[in-house]
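Residue-level listing of the chains:
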Amino acid sequence: MTFDFQGYELKFVQKCRCKDDSPHLYTYIYKFFSPVTCYYYVVRAEYHEENVFAIKFYCKKDKRSDYKYSKIINKGDLGNIIMSCAKVIPLLLRDHPKASFCFAASRSVDLKNNTVEDYRHTQRFKLYCYMIPMKFGAVTFEHHAYDEVSCYLLRNRHAPSSRKQMETMFRNVYVNLSEVNL
Amino acid sequence: MSTAPKHTAKLSKGQRLNWPPVKDSATLKFSEVAIKGREIPPIEIKRRQQQSSGGNLTLLVP
């Protein structure tokens, strides 16, 4: 199977400063529209100390939900949606050529049945582990997968910070990253 | 008549039913997890790219 989806055009929305004195400094917000699902999607590129962006996305209709990153839309067009989000990385590299990128593959929740996916190997993580090496080579980035917490790190080979420093920073910022309380 | 909830109709049967109940799975603290990353070696990335596309893959970033 190839992953040759084109994705949709990203529209820059705004840059938001984060003023909570955490290592999360600011966020670039983008959006795109899927004509297949007929939904807008929001992509957040959250810039942290150690020159790392955490890339997050959700369906705009769920913006007020606590579980916006965990819901399953189930209307298809997954390849183009994921590719649209991935396209934010070359955009950001223009202004931040030494930036690294990380992805936390959220646990899916089923609010009706009150069930939630396990932490390890979430279905999103499996997709990221397949898709990211298909679209991002090993020249610019080191690829690191974190199976226990379903996270993926693209560490820029020119990054001044070590992988350990990035991990420590994220560990301190996202203390309850995978915790879900339904 | 199917007993599957209406909102799961498009998913494969059992996909959601395999998930653990929230009470067994919601207490893990990220800060307490042993963060063990594994580097995917460049040669493995190249192998995957060639395997899936026959070498005609368009990368977003090399």
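Because the structure is a prediction, the values reported are computed rather than measured.

Caption draft 1: Representation of unusual backbone geometry. Residues and elements named next belong to chain A. In this structure, Asp21 is a non-glycine residue whose phi angle is positive, near 60°. Tracing the backbone through its elements, the reader meets Asp21 in the loop between strand E1 (11-17) and strand E2 (24-34). The phi torsion at Cys38 lies on the positive side, around 60°, for a residue other than glycine. Within the secondary structure, Cys38 sits in the loop between E2 and strand E3 (39-48).

Caption draft 2: Examining the pairing of strand E5 (residues 100-104) of chain A more closely. All names here are of chain A. Extensive coverage of E5 is indicated by the burial of 4 of its 5 residues. As defined by bridge partners, E5 adjoins strand E9 (residues 151-156) across 4 bridges and the pair is classed as antiparallel. The partner of Phe101 across the bridge, within E9, is Leu154.

Caption draft 3: Geometry of the sheet that holds strand E1 (residues 38-40) of chain B. Here we have 8 strands laid out as an open sheet, ordered E1(A)-E2(A)-E3(A)-E4(A)-E5(A)-E9(A)-E8(A)-E1(B), and mixed in their pairing. Each having just a single partner strand, E1 of chain A together with E1 of chain B make up the two edges of the open sheet. When strand polarity is set aside, the average angle formed by the axes of neighbouring strands in this sheet is 25°. As paired strands, strand E4 (residues 52-59) of chain A and E5 of chain A are joined by 3 bridges and run parallel to one another. Bridging from a neighbouring strand, Ala54 of chain A pairs with Cys102 of chain A of E5 of chain A.

Caption draft 4: Representation of the packing of helix H1 (residues 78-86) of chain A against helix H2 (residues 88-95) of chain A within the structure. Residues and elements named next belong to chain A. Look at H1 against H2: their axes get within 5 Å of each other, and the N-to-C directions meet at 5°. By the criterion of interaxial angle, the relationship of H1 to H2 is roughly parallel. Residues Ser84, Cys85 and Ala86 of H1 form the contact with H2, whose participating residues are Val88, Ile89 and Pro90. Of the residues assigned to the contact of H1 with H2, the class counts are 5 nonpolar, 1 polar and no charged.

Cut-offs used in this document
The residue numbering used here restarts from 1 in each chain and proceeds along that chain's sequence as written. For naming, the first written chain is A and the first written ligand is 1, with later ones following in the order written. Reporting in this predicted model follows two pLDDT cut-offs: at least 70 for local features of residues, and 80 or more for side-chain atom pairs to be given and counted; totals over whole chains, interfaces and linings ignore these cut-offs and use all residues. As a convention, hydrogens and water are excluded, and side-chain values are obtained from all of the structure's heavy atoms. Helix numbers and strand numbers start at the N terminus; a helix is a DSSP run of H or I with at least 4 residues, a strand a run of E with at least 2. Only protein chains enter the area calculation, which uses a 1.4 Å probe; residues under 20% of their type maximum are buried, those over 50% are exposed, and those in between are partly exposed. A strand pair is defined by DSSP finding two or more bridges across the two strands. Orientation is described by axes fitted as lines to C-alpha atoms, over the contacting stretch for helices, and by angles from 0 to 180 degrees between their N-to-C directions. To sort the angles, those under 35 degrees are grouped as roughly parallel, those over 145 as roughly antiparallel, those from 65 to 115 as roughly perpendicular, and the leftovers as oblique. Contacts were defined at the residue level, with two residues in contact if any of their heavy atoms lie within 4.5 Å. Each residue gets one of three labels, nonpolar for Ala, Val, Leu, Ile, Met, Phe, Trp, Tyr, Cys and Pro, charged for Asp, Glu, Lys and Arg, and polar for the others, Gly among them.

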